[in-house]
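For reference, the chains in residue letters:
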Amino acid sequence: MTDFISRFRRHLRLLKGVSPNTLEAYMHDVGKLITWCSDEGRDITTLSLNDLETFSASLHDLGIAPSSHARILCGIRAFYHFLTLDGYIDQDPSELLESPVQNKYLPEVLSTTEVDMLEQAIDLTKWEGHRNRAIIETLFSCGLRVSELVTLTLSNIYEEEGFIRIMGKGAKERLVPISQRALKELHLWYADRRQMKIKPGEEDYVFLNRRGAHLTRTMILIMVKQYAIQAGIKKTISPHTLRHSFATALLEGGASLRAIQAMLGHESIGTTEIYTHIDMTTLRTEIEQHHPRNIKNICTTEK
């Protein structure tokens, strides 16, 4: 089993090129199956589809959320695909393993006005002020994942062309346009950045902490939440909210789903299609508030 796990880890890292976070998630998922097999006295290489369905049912009984449940099964499928590919087993028992039905979740989004409120809440007299404003503007203008933001490098910003190069999930590169507003905020941060003592090996990272090292995802999360509170924004937001807001703003502005898919780095157009639901929700609100035949106006007239 130790040999299987070591080879699977190497397979994901070298052949699939998955991100460190995805790698650890898959290892954690397979660990759950290993624990279940140990408790049940079963060999992981001889499990049938029925056995995997029983394991899946046990996840449900534990009260694991459908989204987390589905992610765990995704890791299990990747593991059995590897076992089949490398000849450890003859047939993949996970091929017909179904994931739980998930309710469609519409992510929270911010309007451009609310993004401006976030930026206005930043105290520019503090050393990190211009850095944090550049972070928020870059997230909103480019639709980056927070993991992509913290690993963004100076050498991957092409100012004359107006693009940044991003290394996304699965080690897949993409080019994303960057706005003049974001570039302006970056230049204000660069002026402060040049005064810092940067740690060896960290010189190319765009965003640095006080000690001259690149930022972590947790630091960005805490920062965004704090500014939301200071700005009086009642929505529950995270750095990913700015990515959703980027996509929604593009869709409302008339961009095609294919263009949004390319800029977000989604492998499947199905992932991008959630933004059509957000747009329809926005349209419904507009109709209810402004159309002369909407329900609210009818009720007011009757009264």
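As shown above, the structure is provided for reference.
In this report, the structure presented in the accompanying data block is examined. (Residues numbered from 1 in each chain as written. Predicted model: local features only at pLDDT ≥ 70, side-chain atom pairs only at ≥ 80, totals over all residues. Heavy atoms only, no water.)

### What about the pattern of salt bridges?
Scanning all chains against the criterion turns up 10 salt bridges. The closest approach of N and O atoms between R42 and D51, which form a salt bridge, is 2.9 Å. R42 gets classed as partly exposed once you look at its relative accessible area, which sits at 35%. A relative accessible area of 10% means that D51 is categorised as buried. Note that R181 and E137 form a salt bridge whose closest N and O atoms lie 3.9 Å from each other. Of this pair, R181 sits in helix α8 (residues 180-193) while E137 sits in helix α6 (residues 129-142), and the two are 44 residues apart along the sequence. Using a relative accessible area of 6% as the deciding quantity, one classes E137 as buried. Look at the salt bridges and you will find they share partners, linking E119, E137, R181 and E185 into a network. (Salt bridge = Lys/Arg side-chain N within 4 Å of Asp/Glu carboxyl O. Buried < 20%, exposed > 50% of the residue type's maximum accessible area, 1.4 Å probe, protein only. Helix = DSSP H or I, 4+ residues; strand = E, 2+ residues; numbered from the N terminus.)

### Points about the pairing of strand β2 (residues 163-167)
What you see with β2 is a clean split: I164 and I166 sit on the buried side and F163, R165 and M167 on the side with no burial. Two elements, strand β1 (residues 157-158) and β2, share 2 bridges in a ladder whose sense is antiparallel. By the bridge assignment, Y158 is partnered in β2 with F163. Counting the residues between successive antiparallel strands, the hairpin from β1 to β2 contains 4 residues, one of them, G162, with a positive phi of roughly 75°. Looking at chain direction, β2 and strand β3 (residues 173-177) are connected through 5 bridges and run antiparallel. Bridging from a neighbouring strand, I166 pairs with R174 of β3. (Pairing = 2+ DSSP bridges.)

### Details of the sheet that holds β3
One key point about sheets: their strands pair by backbone hydrogen bonds, in either a parallel or an antiparallel sense. With respect to topology, 3 strands assemble into an open sheet ordered β1-β2-β3, the strand pairing being antiparallel. The open sheet has two free edges, formed respectively by β1 and β3, since each of these has just one partner strand.

### So, the environment of G162
Here G162 shows up in the loop between β1 and β2. The spacing of G162 and L175 is 13 residues in sequence and 9.8 Å in space, taken between C-alpha atoms.

### Things to note about the nonpolar core
Formed by 41 residues in total, the largest nonpolar core has its most connected members in L118, I164, L186, F207 and I220. Counting residues per element, the ones that place at least two in this core are α5 (112-120), α6, α7 (146-150), β2, α8 and α9 (217-231). Ignoring any residue separated from it by four or fewer positions in sequence, one finds L186 in contact with A134, T138, I157, I178, V206 and F207. If you look at the next biggest cluster of nonpolar residues, it comprises 27 residues, including L47, L52, F55 and L97. (Core = buried A, V, L, I, M, F, W, Y, C linked by side-chain atoms within 4.5 Å. Contact = heavy atoms within 4.5 Å.)

### Describing the packing of aromatic side chains
Within the structure shown, the criterion is met by 6 aromatic pairs. Taken together, a centroid distance of 5.8 Å and an interplanar angle of 65° make the contact between W36 and F55 edge-to-face. Taken together, the residues span a long stretch of sequence, with W36 in helix α2 (residues 20-40) and F55 in helix α3 (residues 49-61) at a distance of 19 residues. Note on F55: relative accessible area 1%, which makes it buried. For the ring pair F79 and Y80, a centre distance of 5.6 Å and an interplane angle of 70° mean the geometry is edge-to-face. Ring pairing ties together the aromatic residues F8, F79, Y80, F82 and Y88, which thus form one cluster. (Phe/Tyr/Trp six-rings, centres within 6.5 Å; stacked < 30°, edge-to-face > 60°.)

### Quick word on α2
Taking 1.5 Å per residue, 21 residues should reach 30 Å; α2 reaches 30 Å between its end C-alpha atoms and fits that length. Following α2 by one or two positions, G41 adopts a phi angle in the positive range, close to 70°. (Expected span 1.5 Å × (residues − 1).)

Geometry only, nothing functional implied.
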